[in-house]
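Each chain is listed here by its residues.
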Amino acid sequence: MSAMVVGVCTHPEHKNQGYASVCMTKLCQELLAEGKMLCLFYDNPEAGSIYKRLGFEDIGKWMMHVFHPVEQVS
């Protein structure tokens, strides 16, 4: 029912040419046509401006937690 968009990037030599916008637009159109709800996580303000221009809205903050189990001493 949903699709998570991750790992979107543009090689530095090809930035500011509209490639990310074109790719994201096509991807979103296809996923929405399949009836999917889109979910996107980002932490790059430059990328965020592209996503917002395409219609994504910030709905909250997120964080990742890595759990490292502690060895039990007997």
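Bear in mind that the values here come from a model prediction, so they are computed numbers and not experimental data.

A. Quick look at unusual backbone geometry. Backbone geometry at Asn16 places phi at a positive 60°, although glycine is not the residue there. Residue placement: Asn16 occurs in the loop between strand S1 (2–5) and helix H1 (19–33). Given the relative accessible area of 77%, Asn16 is considered exposed.

B. Region of the structure containing the side chain of Ser21. For Ser21, the location among the structural elements is in helix H1. Within the structure, the side chain of Ser21 is placed 2.8 Å from the side chain of Arg53, a separation counted as a polar contact. Here Ser21 is in contact with Ile50, Arg53 and Leu54, once residues within four sequence places are set aside.

C. Region of interest: H1. Here H1 is 15 residues long and its end C-alpha atoms lie 21 Å apart, about the 21 Å a rise of 1.5 Å per residue gives. Within the sequence span of H1, burial applies to Ala20, Ser21, Met24, Cys28 and Leu31. Along H1, the residues classed as buried sweep out an arc of 105° about the axis, all on the same side. Seen from the buried face of H1, the exposed residues on the opposite side, beyond 90 degrees, are Val22, Cys23, Gln29 and Ala33. Buried residues in H1 make contact with S1, strand S2 (37–40) and helix H2 (45–53). Gly35 sits one or two residues past H1 and shows a positive phi near 85°.

D. Broad picture of the nonpolar core. Formed by Val5, Met24, Cys28, Leu40, Ala47, Tyr51 and Phe56, the largest nonpolar core amounts to seven residues. Secondary-structure elements contributing two or more residues to this core are H1 and H2.

E. Just H2, in detail. Along H2, the positions that sit buried rather than exposed are Ala47, Gly48, Ile50 and Tyr51. Projected down its long axis, H2 shows its buried positions confined to an angular sector of 160°, all on one face. Exposed residues on H2 whose side chains face more than 90 degrees from its buried face are Pro45 and Arg53. Contacts from the buried residues of H2 go to H1 and S2. Where H2 starts, the residue carrying a side-chain oxygen 2.8 Å from the main-chain nitrogen of Glu46 turns out to be Asn44. Within two residues after H2, Gly55 carries a phi angle of roughly 115°, on the positive side.

What counts, and at which threshold
Residues numbered from 1 in each chain as written. Predicted model: local features only at pLDDT ≥ 70, side-chain atom pairs only at ≥ 80, totals over all residues. Heavy atoms only, no water. Helix = DSSP H or I, 4+ residues; strand = E, 2+ residues; numbered from the N terminus. Buried < 20%, exposed > 50% of the residue type's maximum accessible area, 1.4 Å probe, protein only. Polar contact = N/O pair within 3.5 Å; in protein donor to acceptor, adjacent residues only side chain to side chain. Contact = heavy atoms within 4.5 Å. Expected span 1.5 Å × (residues − 1). Arc of directions from axis to C-beta. Core = buried A, V, L, I, M, F, W, Y, C linked by side-chain atoms within 4.5 Å.

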